[in-house]
Amino acid sequence: MSQEAVIAASKAYPKPAQTFQYGTAGFRMKADLLPSVVFRVGLLAALRSRYKNGQVIGVMITASHNPPADNGVKLIDPMGEMLESSWEAYGTALANAEDDQAVYDYYTHLEQKFNIKSSVTPQVIYGSDTRESSPALVQALKDALDAVGVKSQAFGAVTTPQLHYLVRCLNTEGTDHAYGKPTLEGYYSKLSTAFNHLMTNRSNGSVTVDCANGVGGPALRELQKHLNPDSITIIVTNDDTETFSKLNSQSGADYVKTNQRLPPSVTAQPLARYASLDGDADRIVYYYVDAKTSTFHLLDGDKIATLAASFIGDLVHHSGITDFSIGVVQTAYANGSSTAYIEKQGLPTVCTPTGVKHLHHAALAYDCGVYFEANGHGTVLFSPSALQRIFTHEPESPAQATAITHLKNITELINQTVGDALSDLLLVEVILAHKAWTPDLWDACYTDLPNRLEKAEVVDRNAFKTTDAERKLTHPAGLQDQIDALVGKYDQARSFVRPSGTENVVRVYAEAATRTQADELAQKVKALLR
Ligand code: NG1
Ligand code: ZN
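Residues numbered from 1 in each chain as written. Chains lettered and ligands numbered in written order. Predicted model: local features only at pLDDT ≥ 70, side-chain atom pairs only at ≥ 80, totals over all residues. Heavy atoms only, no water.

Engineer: Could you clarify how one ought to interpret the packing of aromatic side chains in this entry?
Structural biologist: The relation between two aromatic rings is expressed through the spacing of the ring centres and the mutual angle of the planes. By the definition in use, this model includes 17 aromatic pairs. Geometrically, the ring pair formed by Trp-87 and Phe-114 is stacked, given 5.1 Å between the ring centres and 20° between the ring planes. In this pair, Trp-87 sits in the loop between β3 (70-76) and α3 (88-96) while Phe-114 sits in the loop between α4 (100-113) and β4 (123-128), placing the two residues 27 residues apart along the sequence. Exposure remark for Trp-87: the relative accessible area of 1% places this residue in the buried category. An aromatic cluster of three or more residues is present, and its members are Tyr-51, Trp-87, Tyr-90 and Phe-114. Residue placement shows Arg-48 over the ring face of Trp-87; its charged tip is 4.8 Å from the ring centre. Above the ring of Tyr-179, the side-chain terminus of Lys-190 is found at 3.5 Å from the ring centroid. (Phe/Tyr/Trp six-rings, centres within 6.5 Å; stacked < 30°, edge-to-face > 60°. Helix = DSSP H or I, 4+ residues; strand = E, 2+ residues; numbered from the N terminus. Buried < 20%, exposed > 50% of the residue type's maximum accessible area, 1.4 Å probe, protein only. Lys NZ or Arg CZ within 6 Å of the ring centre and 35° of its normal.)

The following block contains the structure:
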């Protein structure tokens, strides 16, 4: 790698007059501001790979549920997890370096700081969602990787969780904890094989999936080819990835969760199952309309978490495996009723700050850690010792043998690197089929407290500082007392304010015993911010 090569390549991607920050979901903003950022993220990925002794690092170009004009970029660490947070600051510094020389200087500064050896060949794989801006950003990335001699591999349009899967597979290939075949075919085959086993002699009718007109559409169509058609019919809708303006528009998990209503394109049949993915297919929510009043009912991340935790808990119980800890990790946005329900089942719950990396980390404390954000991003993690026990347990009865077989397949069905809408879709379908539950029966586990999520534009969101897993404000001084005073006026109420990590806004959440109360509380708390 020569100074000239880096500086020459960097020249093609001048930094706009803008300050960048590697946030909860990497860098995310209007796509036209991103070329220099993506180029520099490419350099960071190369360093990260060399720092990790040449292990493969992933770079995903996506802005998830954001509007079509946005895009974003984030790094994936060797085991398929999010970039270690201490490195986010290096990404931020590199993205903000004023000119090409400063980029090179900071790059070499990091090399020296971490004593990164030039003898190691860095390896990076990358992919993108289906946005119009993605190919140009991929090119910026490729130019950076080439400038510093990275051995790279392009995976084209992939879902975010697919890239996480591929990174982990590549870094574990040939070891005794190999995660799977490092190809997209390997991904579809791993999920579908487990699904088809779990659905043997079972049929679950049909589910209609709204793909937000994003990359989840083609991926789901591909996945479906691998599924036993007698077990499930997946009706794929909103899968137009050619009309760029349709991405996440009037569709998708974020639309359904935020508006708490059907996508306009969906005419729902009573008690039929519907699900919506987001733009990069790492989130999923379910919903249905009831038979009596055709009212819309949302089955969000909290409902998926409780469903998964109780199903896995039952399987463990029936398998004869003892002393097996199952915990559910949530954020402050989890509905109060869901937390109460889980605790009533005798399972521990933990609340972490927003952002998958926090949930993921907390879930590692259990043999089986189920984590979901209310918005539908989540997965289930099995610890290495839990996997060892599941795969070596000697059943003492046919019932135990069946439970063990199911558990083994569940661990294969779930994408344990990160929340994965396709894997979660299959997981929910399996559980509903095993329980013979219609969506209303699933929904009946507990009744959500009515809630409202609002956002407020403020002069400086950094003035808002939180504590207690973001459930309380320490700054601006006095604001929390005012919120508490309002909350005290409503039944079963809860409200909190926190700065968004992905948008320049402050979010207001409120829940209470009735819809009117929840709405009123949210409005009154929001009014405090003016
Ligand atoms: P912010 O903008 O920090 O609230 C949002 C979501 C998170 C998470 C991230 C990453 C809500 C309330 N917040 O974070 O749950 O998914 O985006 O995409 O849904
Ligand atoms: Zn997403």
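Engineer: What is the right way to look at the site of ligand 1 in this model?
Structural biologist: Residues in contact with ligand 1, as listed here, are Arg-28, Arg-283, Tyr-333, Thr-354, Glu-373, Asn-375, Leu-453, Arg-498, Ser-500, Gly-501, Thr-502 and Arg-507. Within the backbone of Gly-501, an N or O atom sits 2.6 Å from an oxygen atom of ligand 1. The side chain of Thr-502 places a nitrogen or oxygen atom 2.5 Å from an oxygen atom of ligand 1. In the complex, 90% of the free accessible area of ligand 1, which totals 430 Å², lies under the protein chains. Both domain 3 (301-420 + 437-443) and domain 4 (451-528) contribute no fewer than three residues apiece to the shell around ligand 1. (Near = heavy atom within 4 Å. Polar contact = N/O pair within 3.5 Å; in protein donor to acceptor, adjacent residues only side chain to side chain. Areas by Shrake-Rupley, 256 points an atom, 1.4 Å probe, with all protein chains shown as cover. Domains from an automatic or database assignment.)

Engineer: Whenever I open this one, the domain arrangement of the chain confuses me. Can you help?
Structural biologist: Accessible area lost upon the coming together of the parts is a frequently used measure of interface size. For the chain, the domain assignment lists domain 1 (3-157), domain 2 (186-299), domain 3 (301-420 + 437-443) and domain 4 (451-528). One C-alpha centre belongs to domain 2, the other to domain 3; they are set 22 Å apart. Each side of the interface is counted separately: domain 2 has 22 residues, and domain 3 has 18 residues. With both sides pooled, the region where domain 2 packs onto domain 3 buries about 2,000 Å², and carbon together with sulfur makes up 62% of that total. When the buried surface of domain 2 facing domain 3 is broken down by residue, Leu-198, Asp-282 and Leu-299 rank first, second and third, together holding 30% of it. Where domain 2 packs against domain 3, one counts zero salt bridges. The tally of links from domain 2 across to domain 3 stands at four residue pairs in polar contact (both at pLDDT 80 or more). Of all the secondary-structure elements, those providing two or more residues to the side of domain 2 that touches domain 3 are α7 (184-198), β9 (284-289) and β10 (296-299). Element by element, the count of residues in the side of domain 2 that touches domain 3 is highest for α7, at seven residues. Per-class residue counts for the side of domain 2 that touches domain 3 are 14 nonpolar, two polar and six charged. (Contact = heavy atoms within 4.5 Å. Buried area = accessible area lost by both parts, 1.4 Å probe. Salt bridge = Lys/Arg side-chain N within 4 Å of Asp/Glu carboxyl O. Nonpolar A, V, L, I, M, F, W, Y, C, P; charged D, E, K, R; others polar.)

Engineer: It is not clear to me how the coordination of the zinc ion (ligand 2) should be interpreted in this structure. Could you clarify?
Structural biologist: Perfect tetrahedral coordination of a metal by four donors corresponds to 109.5 degrees between them, and perfect octahedral coordination by six donors corresponds to 90 or 180 degrees. Taken together, the protein donors to the zinc ion (ligand 2) comprise Ser-64 (OG), Asp-278 (OD), Asp-280 (OD) and Asp-282 (OD), at separations of 2.0 to 2.2 Å. In this structure, the zinc ion (ligand 2) is coordinated by four donor atoms arranged in irregular fashion, with angles at the metal of 85 to 172°. Donor residues for the zinc ion (ligand 2) sit on one chain with the sequence pattern S-x213-D-x1-D-x1-D. One end of the pair, Ser-64, is in the loop between β2 (56-61) and β3; the other, Asp-280, is in the loop between β8 (273-277) and β9, and 216 residues separate them in sequence. (Donors = N, O, S within 2.8 Å, 3.2 Å for Na, K, Ca; no water. Tetrahedral: all angles 85-135°; square planar, octahedral: opposite > 155°, others 65-115°.)

Engineer: How should I be thinking about the environment of Tyr-90 in this particular structure?
Structural biologist: Its location among the elements puts Tyr-90 in helix α3. On the basis of relative accessible area, Tyr-90 is assigned to the buried category, the value being 14%. Along the backbone, Tyr-90 and Leu-44 are 46 residues apart, and their C-alpha atoms lie at a distance of 7.9 Å. Ignoring any residue separated from it by four or fewer positions in sequence, one finds Tyr-90 in contact with Leu-44, Tyr-106, Leu-110, Lys-113 and Phe-114.

Engineer: Honestly, unusual backbone geometry in this entry has me stumped. Any pointers?
Structural biologist: Trans peptide bonds make up most of the peptide bonds, and negative phi angles are found at most residues other than glycine. Across the junction of His-475 and Pro-476, the peptide omega takes the value -5°, indicating a cis bond. Secondary-structure assignment places Pro-476 in the loop between β17 (472-475) and α17 (479-487). One non-glycine residue, Asn-238, lies in positive phi territory at about 45°. When you line up the elements, Asn-238 lands in the loop between β7 (233-237) and α9 (252-259). Backbone geometry at Asn-248 places phi at a positive 60°, although glycine is not the residue there. As for its placement among the helices and strands, Asn-248 is situated in the loop between β7 and α9.

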